[in-house]
Amino acid sequence: MTARRVAVGLLLLVCAGCASVNLQTYVGQGLEEFAQQFLDTAMLYDTAYREGAITAKQYQAWADAVPTIQATYDRLYQLWASGSDPVSVRTELRTLRTTVAVYLLKLQVPVR
């Protein structure tokens, strides 16, 4: 094996490692952004309920979903922190974001 082939092989190995680290970082940022989205949505629900913009039934639907959302987030965070496959964590995080987005859309109440 020539020195050039060895160098190219090492370079490819290093580049593959960088891509993995970058994806891990990207997923970590996504988890952080989701946490803020979740907190913002929770505050919107609290405010909407307190101001009478939504009914107790609408608020309860959100409140019932919160423990599942939190548990899923905690599990994804633990998987990410342990270095698990960032692609699978990212995929599940997308699903979780969609779930919260649906609840956020439900807050869109008609203007009176």
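See above for the structure.
Quick caveat: nothing in here was measured; it's all calculated off a predicted structure.

Each value, and the rule that gives it
- Residues numbered from 1 in each chain as written.
- Predicted model: local features only at pLDDT ≥ 70, side-chain atom pairs only at ≥ 80, totals over all residues.
- Heavy atoms only, no water.
- Helix = DSSP H or I, 4+ residues; strand = E, 2+ residues; numbered from the N terminus.
- Contact = heavy atoms within 4.5 Å.
- Areas by Shrake-Rupley, 256 points an atom, 1.4 Å probe, with all protein chains shown as cover.
- Core = buried A, V, L, I, M, F, W, Y, C linked by side-chain atoms within 4.5 Å.
- Buried < 20%, exposed > 50% of the residue type's maximum accessible area, 1.4 Å probe, protein only.
- Phe/Tyr/Trp six-rings, centres within 6.5 Å; stacked < 30°, edge-to-face > 60°.
- Lys NZ or Arg CZ within 6 Å of the ring centre and 35° of its normal.

A. Structural context of the overall build of the chain. The number of helices and strands found in the chain is three helices and zero strands. In sequence order, the secondary structure elements of the chain are arranged as α-α-α. Summarising the internal contacts of the chain: among those between residues at least 6 apart in sequence, 74% fall at separations of at least 24. Accessible area for the chain stands at about 7800 Å²; split by element, carbon and sulfur atoms hold 62% of it.

B. Seen up close, the nonpolar core. Counting residues in each nonpolar core, the largest one holds 20 residues, and the members touching the most others are Phe34, Phe38, Trp62 and Ile69. Of all the secondary-structure elements, those providing two or more residues to this core are helix H1 (3-50), helix H2 (56-81) and helix H3 (86-106). Per-element accounting of this core gives the leading share, seven residues, to H1. Sequence-distant contacts of Phe34, defined by excluding residues within four places in its chain, comprise Ile69, Tyr73, Leu93, Leu96, Arg97 and Val100.

C. View of the environment of Ala35. Mapped onto the elements of the fold, Ala35 is located in helix H1. Look at Ala35 and you get partly exposed, because its relative accessible area is 24%.

D. Up close: the side chain of Gln24. One can find Gln24 in helix H1. A relative accessible area of 18% means that Gln24 is categorised as buried. Residues contacting Gln24, with those up to four places away along its chain left out, are Trp80, Gly83, Ser84 and Pro86.

E. View of the packing of aromatic side chains. As enumerated under the stated definition, the model contains eight aromatic pairs in all. Note on Phe38 and Trp62: the rings are 5.7 Å apart at their centroids and 40° apart in plane angle, and the pair reads as tilted. Of this pair, Phe38 sits in helix H1 while Trp62 is found in helix H2, placing the two residues 24 residues apart along the sequence. Of the residues examined, Phe38 reaches a relative accessible area of 9% and is grouped as buried. Using a relative accessible area of 2% as the deciding quantity, one classes Trp62 as buried. Three or more aromatic residues joined by ring pairs make a cluster, and in this case those are Phe34, Phe38, Tyr45, Trp62, Tyr73, Tyr77, Trp80 and Tyr103. Looking at Lys106, its charged tip hangs above the ring of Tyr103, at a distance of 4.8 Å from the centre.

Note that every value here comes from positions in space, so none of it alone points to a role or purpose.
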